[in-house]
Amino acid sequence: MPPAPRSPEAPGRRVRLLLCDDHAVVRAGLLALLSAEPGIDVVGEAATGEEALAVAAKERPDVVLMDLSLGPGMDGIEATRRLVAEVPGTRVLVLTTYDTDADVTRAVHVGATGYLLKAERPEELFAAIRAAAEGRAVLSAPAAGRVMARVRTPHAALTDRQLDILRQLARGLGNREIARALFISEATVKTHLVRIYGKLGVDTRAGAVAAAKEQRLIP
């Protein structure tokens, strides 16, 4: 495979970049790719969200290139939220294989400046990193399409009963326990959960709770 084309070095300050991905091979590939790009300096690597926070606090990168799936411990969404809150001036650019509505929406909600897929061409990645460093939002075409679709066709509001069920989910209750707490059948709980997932654009219980908290539907 021929090497990626090098971009002409743009005038102005260089972009200090931190890589966060739990796969060593992926980090090595990104490091090789980005180290050859004029104007971008990789100042650190991290395999976990916790490591990303520690390195970012020390190095103060302009941009953190963040994967969403980081194995056990803090995921990329929580790491992004904390980076935005705890390391002012650092932008987070998500680089992931996931492009579901829930993933894109959650990343944007917690403060990610951009959202790219790992299938992007190198030159698009370089441009996105520079845009993120300047505080400009950047989305891959699939992610942008999902955001626009959600804006044009927002999910219907949750009913009071569905909010009740979400509150019970947040307490960690199972379907049977929720049914008992709300004096409804377990089948009714399951029906409501399907509708809740659809309205929030998620497909898991944890995703529903996270999305509801981010949208301030529940404490």
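Shown above is the structure to which this text applies.
Caption draft 1: Molecular detail of the overall build of the protein chain. Looking only at helices and strands, one finds 10 helices and six strands in the protein chain. Looking at the protein chain residue by residue over its 219 residues, the buried ones come to 44%. When contacts within the protein chain are restricted to residue pairs at least 6 apart in sequence, those whose partners lie at least 24 apart make up 65%. Total accessible area on the protein chain stands at roughly 11,300 Å², and carbon and sulfur atoms take up 56% of it.

Caption draft 2: Examining the pattern of salt bridges more closely. Inspection of every chain in the model, using the stated rule, returns 15 salt bridges. The partner of E86 in a salt bridge is R82, and the shortest N-O contact between them spans 2.9 Å. On the criterion of helical spacing, the pair formed by E86 and R82 is a turn pair, its members being four residues apart in helix 3 (residues 76-86). Notably, a salt bridge pairs R167 with D164, separated by 2.8 Å at the nearest N-O pair. Separated by three residues within a single helix, R167 and D164 lie in helix 7 (residues 160-170), roughly one turn from each other. What makes D164 partly exposed here is its relative accessible area of 26%.

Caption draft 3: Focus on the sheet that holds strand 3 (residues 63-66). An order of 2-1-3-4-5-6 is seen for the six strands of this open sheet, with the pairing classed as parallel. The two strands at the open ends of the sheet, each matched to only one other strand, are strand 2 (40-46) and strand 6 (138-139). Each of strand 3 and strand 4 (91-96) is contacted by helix 3, which is oriented at about 170° to strand 3, the strand it contacts most.

Caption draft 4: Representation of the nonpolar core. Grouped together as the largest cluster of nonpolar side chains are 22 residues, with contacts concentrated most on L166, I196 and L200. For this core, the element with the highest residue contribution is helix 9 (residues 186-200), accounting for five residues. Listed in part, the 18 residues of the second largest apolar core include V15, I40, L93 and A133.

Caption draft 5: Expanded view of the pairing of strand 4. With respect to burial, strand 4 is a largely interior element, five of its six residues being buried. Inspection of the sheet shows strand 3 paired to strand 4 by four bridges, in the parallel sense. Pairing of M66 across the sheet is with V94, part of strand 4. Read as a crossover between parallel neighbours, the route from strand 3 over helix 3 to strand 4 is right-handed. Pairing between strand 4 and strand 5 (residues 114-117): four bridges, direction parallel. Each residue of the ladder has a partner; that of L93, found in strand 5, is G114.

Caption draft 6: View of unusual backbone geometry. Even without a glycine there, the phi angle at R60 is positive, about 50°. When its relative accessible area of 43% is taken as the criterion, R60 is described as partly exposed. Positive phi, normally seen in glycine, also occurs at F183, with a value near 60°. Mapped onto the elements, F183 comes out in the loop between helix 8 (175-182) and helix 9. According to the relative accessible area criterion, F183 is exposed, its value standing at 77%.

Each value, and the rule that gives it
- Residues numbered from 1 in each chain as written.
- Predicted model: local features only at pLDDT ≥ 70, side-chain atom pairs only at ≥ 80, totals over all residues.
- Heavy atoms only, no water.
- Helix = DSSP H or I, 4+ residues; strand = E, 2+ residues; numbered from the N terminus.
- Buried < 20%, exposed > 50% of the residue type's maximum accessible area, 1.4 Å probe, protein only.
- Contact = heavy atoms within 4.5 Å.
- Areas by Shrake-Rupley, 256 points an atom, 1.4 Å probe, with all protein chains shown as cover.
- Salt bridge = Lys/Arg side-chain N within 4 Å of Asp/Glu carboxyl O.
- Pairing = 2+ DSSP bridges.
- Axes fitted to C-alpha atoms, helices over the stretch in contact; angles between N-to-C directions.
- Core = buried A, V, L, I, M, F, W, Y, C linked by side-chain atoms within 4.5 Å.
- Right-handed = clockwise from strand over helix to strand, strands pointing away.

Geometric values such as these leave the question of function open.
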